[in-house]
Every structure is written in structure tokens, then in C-alpha cells.
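# Structural features, examined
Read off the chains here:
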Amino acid sequence: MAEYKNMRIDNIHIQLKKIFGESLLKNSIFLIMTNFSSMIIGFIFWMVATRLYSSGDVGIVSAILSSMMLISIISCVGLPLAITLYLPTDIKHANRIINSCLIVGIIVSMTFSTTFILGINIWTPKLEPVLRDLGIRAIFIMTAIMMTVSLLMSSMFTAGKRSSFQMIKENVFGISKMSALVLLPTYGAIGIFVSWSIGLMVTMVVGFFLLFKLWRYTPMLIFDPIIKNMTKLSLASYIGGTLYNIPKYIFPILIVNLISAESAGYFFIAMTIASMFYGIPEATAGPFLSESSDKEKLWNNVNKVIKFDMYILIPGLLFLMIFGRFVLNIFNPIYAENSFDTLI
């Protein structure tokens, strides 16, 4: 009996060494662990938010955050995919590539977020009273820019096969915003929004430190046209990525404007839980692209990624179907009543 147990332990040890010995699976696991840890911290964040803030506040801030996330994705102009594929093949010019990508992202994000704020009565009039103050509008623009930079940083960590850095960055963000959340309930939806902004500020400090550690990156106020070589690839990614993400982030905005802030809150909490499972294929896609710069490994990596995704997604979806109402009840019983159908 003891020998059998030892054999099983040895087999498990061998399988773990095999998984972590392959950078594709190792980086995928780190990104999935990042999603999981972010989900846990996110659960606690929104659980606290749903207890301290009204469903209307949660709905309003869901539309604000969705707007900023959509702006950030559009502002990346497809660069995350191009960075993941291109950066590992041109390490000599890493600093120039990173710097130029960040400059493009910041300029485009500033342009789109300013346009959104100036035309808020057209895009989403229900948010105008919340974002009327000039200071809050400035925070909105700054937060949208930081979100864009954070997305670009994530692809730079993936390109460097350091998905563990992405985990550090996201956990710092989650803990920082949660710490601020409990101090601002008297400010309603603005309190949730500002806590998100504070979390991103702390994340920027940590993120740039990790960029230096990984790529020896030092910021410069010079744009290098080196990223023109990435334009064709980033354009195709830009169109596909934007079309993929628009439905996910446009719904809270539409619900706030067409139905109610409370309904947007119920939808947003369901989407927050489901996003963990959306994140599994996304988590494996980055390392897959980075590893597949070697074309000989392409189809072998495709099979690994598909199997890996299915082994996690199928049990996870069954879990949600059976225990989804219980999970929603942890947030607040009102969400178990109103969000379960949307979640399923």
C-alpha cells in the first residue's frame, strides 16, 4: 500500500515537472492562475461593493468601467498580439519597440477617452450626471490611459515568457483597489470608480519596475518608427479583437441607458463571474502565439492548447450550472435572484 502511494506521488511529480518544463504550458498555467487569483480578489472586491454600495451604484460604475475598457482595447490598436509575436524575435530593439508601443497607446487612448467625455450626452447620457465634474472627467481620461498601458504591459510580459510578472501586476491591482474601496462608500458609484483608479496607479509603478527587470526598459520621449514593421499584423488583430470585445463591454452601457442602472449591475456581476472562463482560452492564446514563432511547433502546440482548455472549461461550466446560484448568493441574495439566468 505504501509503495502504491509512493508510485502515485512520483507519477504526479513527473507530470508536474513535465508541465512546468514546457514554457507553453507553464506560461498558460501562470496566466490561468492570474485569472483565478484576479477572480478571487475580484469576487471579494465586488462582494464588498455589493454590500457597501447599492445595485444602482454598481450598475453605473459597470457602465463607466466598460466604457473605459472598450476605449483601452480600441486604443491598443492591435499591438498586444503584434508585441507577443514580434518582440521575442527582436530582443536587440526591445526598448525601442516597447517605448513606441506605449507612446502610440497613450496618444490614441487620450484621444478616444477625451472624445468620449466630450460627447457623453450622445454616447451614454445616463452617465453625464456622474461624470459632470471636471476633476472626475480628468480621472476618467487618466484611468483609461492607465488601462491601455496595463494591457500593453501584459503582452510584453507574455512575450518575455514571464507570465508570473502578469500575475504579480494583476494581484497588486486587485489588492490596491480593494483597499481603497472600503474607504469610499459615502461617494457612491464615484467611490468604486476612484478605487479602481487608485489600484491602477499603484499597478503602473509595479508594472514599470517589472518591465525594467524583464526587458531593461527605460522610458524615453522619442517615438521610433520601428513598429511600422508590426502594422500589418496589428491591423488584422485590431479588427478581430475589437469585434470580439465590443459585445462584452457594450451591454452594460446599453442596459444603463435603455433599462436601468440596477439591471446593469445584475448583468455586470454575472459577467464578472463568467469572465473567468472567457479568460482561459485568452490565457493560453498569448503563450501559444509566443511559442509558435517557431513554425515547426505550431500544430503540436495547437493540440496541446485545445486539450488543455477543454480539460478546464468543461468541469468549470458544469460547476457553474450546478452551483452558480450559490456563488451569486455570496455576493448578495438579490444577485442570486436577478443574475443567475444571465450567468447561465
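Residues numbered from 1 in each chain as written. Predicted model: local features only at pLDDT ≥ 70, side-chain atom pairs only at ≥ 80, totals over all residues. Heavy atoms only, no water.

So, about the overall build of the chain. A count of helical and extended segments in the chain gives 13 helices and zero strands. Listing each helix as α and each strand as β along the chain from the N terminus yields α-α-α-α-α-α-α-α-α-α-α-α-α. Relative to its full complement of 344 residues, the chain shows a buried share of 52%. Residue pairs at least 24 apart in sequence account for 80% of intrachain contacts in the chain once pairs closer than 6 positions are excluded. (Helix = DSSP H or I, 4+ residues; strand = E, 2+ residues; numbered from the N terminus. Buried < 20%, exposed > 50% of the residue type's maximum accessible area, 1.4 Å probe, protein only. Contact = heavy atoms within 4.5 Å.)

Let us look at the packing of aromatic side chains. For any pair of aromatic rings, the description consists of the separation of the ring centres together with the inter-plane angle of the planes. All told, the structure shown has eleven aromatic pairs when counted by the stated rule. On the numbers, 5.4 Å between centres and 10° between planes, the contact of Phe-116 with Phe-140 is stacked. A residue pair is termed long-range when its members are at least 10 positions apart, and Phe-116 in helix 5 (residues 94-118) and Phe-140 in helix 7 (residues 134-159) qualify at 24 residues. Given a relative accessible area of 11%, Phe-116 falls into the buried group. (Phe/Tyr/Trp six-rings, centres within 6.5 Å; stacked < 30°, edge-to-face > 60°.)

Another point: helix 9 (residues 189-215). For helix 9, which comprises 27 residues, the first-to-last C-alpha distance of 38 Å matches the rise-based estimate of 39 Å (1.5 Å per residue) to within 8%. Once helix 9 ends, the next one or two residues include Arg-216, with phi positive near 55°. (Expected span 1.5 Å × (residues − 1).)

Right, let's talk about a nonpolar patch on the surface for a bit. A cluster of nonpolar side chains, namely Ile-306, Met-310, Ile-314, Leu-318, Phe-319, Met-321, Ile-322, Phe-323, Phe-326 and Ile-330, defines an oily patch on the protein surface of about 1000 Å² accessible area. Classification of Leu-318 as partly exposed rests on a relative accessible area of 47%. (Patch = residues over 30% accessible without salt bridge, like charges linked within 9 Å, V, L, I, M, F, W, Y side chains within 5 Å. Areas by Shrake-Rupley, 256 points an atom, 1.4 Å probe, with all protein chains shown as cover. Salt bridge = Lys/Arg side-chain N within 4 Å of Asp/Glu carboxyl O.)

Take the environment of Pro-219 next. Among the structural elements, Pro-219 can be located in the loop between helix 9 and helix 10 (231-258). Each C-alpha atom of the pair Pro-219 and Arg-96 lies 9.3 Å from the other, and the pair is 123 residues apart in sequence.

Next up on the list: the confidence of the model for the chain. Of all residues in the chain, 81% attain a pLDDT of 70 or more, and the chain-wide mean is 81. At the low end of the mean pLDDT range in the chain sits helix 1 (residues 2-21), at 46; at the high end sits helix 9, at 95. This stretch, residues 4-21, has a pLDDT under 50; its non-local contacts, to residues over four places away or in other chains, come to five contacts. (pLDDT = per-residue confidence, 0-100.)

Attention now goes to the nonpolar core. In terms of nonpolar packing, the biggest core is built from 87 residues, with Trp-46, Ile-83, Leu-87, Phe-140 and Met-156 touching the most fellow members. For this core, the leading source of residues is helix 7, giving 13 residues. Beyond its immediate stretch of four places on either side in the chain, Ile-83 contacts Pro-88, Cys-101, Leu-152, Ser-155, Met-156, Ala-159 and Met-230. (Core = buried A, V, L, I, M, F, W, Y, C linked by side-chain atoms within 4.5 Å.)

Take unusual backbone geometry next. One non-glycine residue, Val-77, lies in positive phi territory at about 40°. For Val-77, the location among the structural elements is in the loop between helix 3 (55-75) and helix 4 (79-86). Backbone geometry places Arg-216, a non-glycine residue, at a positive phi of 55°. Mapped onto the elements, Arg-216 comes out in the loop between helix 9 and helix 10. What makes Arg-216 exposed here is its relative accessible area of 53%.

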